[in-house]
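Analysis of the macromolecular model
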Amino acid sequence: MTQRRPEDTRKAPLWKRTLRGFATLTGTMSVIAIAAGAVWFGSTTLATRASAVDAPAPTPMTTVDALRVSPTDHMTVTRQFYGQIEAAQTVSLGFEQGGRLNVLTVDEGDRVKAGDVIAKLDTRILMTERSRLVASRDRLKAQAELSRRTTQRQIELRDRGFASDQAVDNVALGHTAIEAQMAEVDAAITQVEVQLNQTELTAPFDGTIGARHVDPGAIMAVGAPVLDIRQAAAPLFRVGIDPKLAGTLADHPATLTVDGLAYRAHFIGFRPDLDAQTRTRTALFEVETEDPVYLSAGVLSIQTSLAQAGYAIPLPALQDGVRGLWTVLVLEPEDDGFATTRAAAVEVLQIEGDTAYVRGTLQGEALIVPHGTHRLVPGDRVQLAGAE
């Protein structure tokens with residue numbers, strides 16, 4: 001197939017090329033004119049329909065509550081500490097003598113008075129020993145009487161020349177020896193009586209019986225625990241306190257919460273040492289209750305005063321700020337019952353329940369938005385609640 005060379009291709013005449021360009025331009029302009037007419041017609045139709053619809057009612061002005069806050073030079077801070085309640089005195093009672101337990105008159109939970117006999121040991125051996133010693137003393141007493149009379153007779157015989165001084169000395173010193181034996185027996189009787197007293201276990205104070213470790217018939221060793229007794233007095237609350245607060249506890253009221261129940265507590269004193277692990281001082285509080293709350297965990301709440309200038313505002317009034325700060329919406333009131341909002345940066349010093357203590361760019365008495373701050377932004381014009 002023979003290819004056509006470029007010099008063989010002839011250009012169209014000029015009048016044809018001019019006519020073709022004019023036709024292209026005319027078609028383009030026609031399309032643009034039709035599109036513009038369609039746009040104008042559509043916009044006119046939409047404007048006509050929109051004008052036929054009633055305009056929406058204007059958005060009502062946002063109504064907010066206002067709270068007036070004043071600066072203060074101190075704040076009340078509630079501090080909480082966790083500790084344990086224990087009885088004022090708890091004692092494990094045991095006998096100073098060994099033997100068989102004959103009588104145990106109390107059970108767990110019984111209340112006793114100081115001096116009540118609550119347990120007894122078998123005393124038959126001691127009573128027998130006491131009887132033997134009493135009999136021995138009676139024998140020595142008879143011997144002492146005989147020795148006294150003999151000494152008196154020897155003295156009379158010596159005075160009449162029928163007895164020597166040696167005979168008088170023998171009977172006189174024999175009488176002294178008998179009196180010494182009587183004193184020894186008296187001491188032995190006293191020891192047995194003390195041992196008899198030790199066979200009775202008495203309550204050292206008014207209290208309640210705790211655990212009972214043995215039953216009647218058991219053979220008791222010296223010092224073996226028979227039962228526990230807790231003193232019927234106000235229990236104590238033991239808690240570790242920051243040493244910096246040690247000097248302020250006596251001047252502030254304290255409340256103890258145990259299982260949801262609140263009790264008043266009075267500060268008694270500190271232990272003199274410092275806990276090596278927690279670096280706290282152990283404080284003791286007396287709890288005003290007769291409830292059996294021994295060995296229960298509790299929370300001690302102490303209200304102290306912190307010298308710090310600031311404002312007390314509701315917690316919902318705070319908004320997130322920048323760089324760790326918070327903001328509060330301050331209301332600048334106008335004469336017609338309206339106000340304009342502006343943001344004030346604050347720093348939170350302490351949070352107590354639903355109240356936050358803050359300081360920052362607030363000046364003097366201020367009117368703030370206490371809640372619902374998420375509906376507003378700084379610069380909004382709002383209506384104050386209660387204003388017409």
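Residues numbered from 1 in each chain as written. Predicted model: local features only at pLDDT ≥ 70, side-chain atom pairs only at ≥ 80, totals over all residues. Heavy atoms only, no water.

Quick notes on the overall build of the protein
Within the protein, the secondary structure is distributed over three helices and 23 strands. Taking 2.2 N^0.38 as the reference for a compact globule, 388 residues should give roughly 21 Å; the C-alpha atoms of the protein span a radius of gyration of 53 Å, well beyond that estimate. For the protein, the spread of C-alpha atoms along the three principal axes comes to 200 × 85 × 40 Å. By the burial criterion, 29% of the 388 residues in the protein qualify as buried. Put simply, of all contacts in the protein between residues at least 6 apart along the chain, 74% involve residues at least 24 apart. As displayed, the protein has an accessible area near 25,100 Å², and 54% of this comes from carbon and sulfur atoms. Where the 38 positive side-chain charges of the protein centre and where its 47 negative ones centre are 13 Å apart. (Helix = DSSP H or I, 4+ residues; strand = E, 2+ residues; numbered from the N terminus. Rg over C-alpha atoms; globule rule 2.2 N^0.38 Å. Buried < 20%, exposed > 50% of the residue type's maximum accessible area, 1.4 Å probe, protein only. Contact = heavy atoms within 4.5 Å. Areas by Shrake-Rupley, 256 points an atom, 1.4 Å probe, with all protein chains shown as cover. Lys, Arg positive; Asp, Glu negative; His and termini not counted. Charge placed at Lys NZ, Arg CZ, Asp CG, Glu CD.)

A few points about the nonpolar core
Counting 18 residues, the largest nonpolar core has Phe-95, Val-226 and Leu-227 as the members making the most contacts within it. Counting residues in hydrophobic clusters, the runner-up holds 17 residues, among them Ala-265, Val-287, Leu-300 and Ile-302. (Core = buried A, V, L, I, M, F, W, Y, C linked by side-chain atoms within 4.5 Å.)

Some words on a nonpolar patch on the surface
On the surface, Leu-25, Met-29 and Ile-32 cluster together into a nonpolar patch covering about 310 Å² of accessible area. The topology assignment puts Ile-32 in helix α1 (residues 14-52). (Patch = residues over 30% accessible without salt bridge, like charges linked within 9 Å, V, L, I, M, F, W, Y side chains within 5 Å. Salt bridge = Lys/Arg side-chain N within 4 Å of Asp/Glu carboxyl O.)

Focus on unusual backbone geometry
Its identity is not glycine, yet Asp-259 carries a phi of approximately 55 degrees, on the positive side. In this fold, Asp-259 is placed in the loop between β13 (254-258) and β14 (261-274). The exposure class of Asp-259 is exposed, given its relative accessible area of 72%.

Section: the sheet that holds strand β4 (residues 90-94)
An order of β4-β11-β9-β6 is seen for the four strands of this open sheet, with the pairing classed as antiparallel. With one partner strand each, in any of the chains shown, β4 and β6 (111-112) form the two edges of the open sheet. Relative to strand β11 (residues 225-231), strand β9 (residues 207-212) runs antiparallel, the two being bridged by four bridges. Residue Gly-207 lies in a different strand from β11, and its bridge partner there is Gln-231. (Pairing = 2+ DSSP bridges.)

Remarks on the pairing of β14
As judged from the five bridges shared by β13 and β14, these two strands associate in the antiparallel manner. Residue Thr-255 lies in a different strand from β14, and its bridge partner there is Arg-264. Hairpin connection, β13 to β14: the antiparallel pair is bridged by two residues, and Asp-259 has positive phi, about 55 degrees. The turn linking β14 back onto strand β15 (residues 281-287) is made up of six residues, and Arg-279 within it adopts a positive phi angle of 55 degrees.

Here's the deal with helix α3 (residues 165-198)
Compared with the 50 Å implied by 1.5 Å per residue over 34 residues, the 50 Å span of α3 between its first and last C-alpha is a close match. Along α3, the positions that sit buried rather than exposed are Val-168, Val-171, His-175, Ile-178, Met-182, Val-185, Ile-189, Val-192, Gln-195 and Leu-196. Lining the buried residues of α3 we find α2 (124-159) and β8 (200-202). (Expected span 1.5 Å × (residues − 1).)

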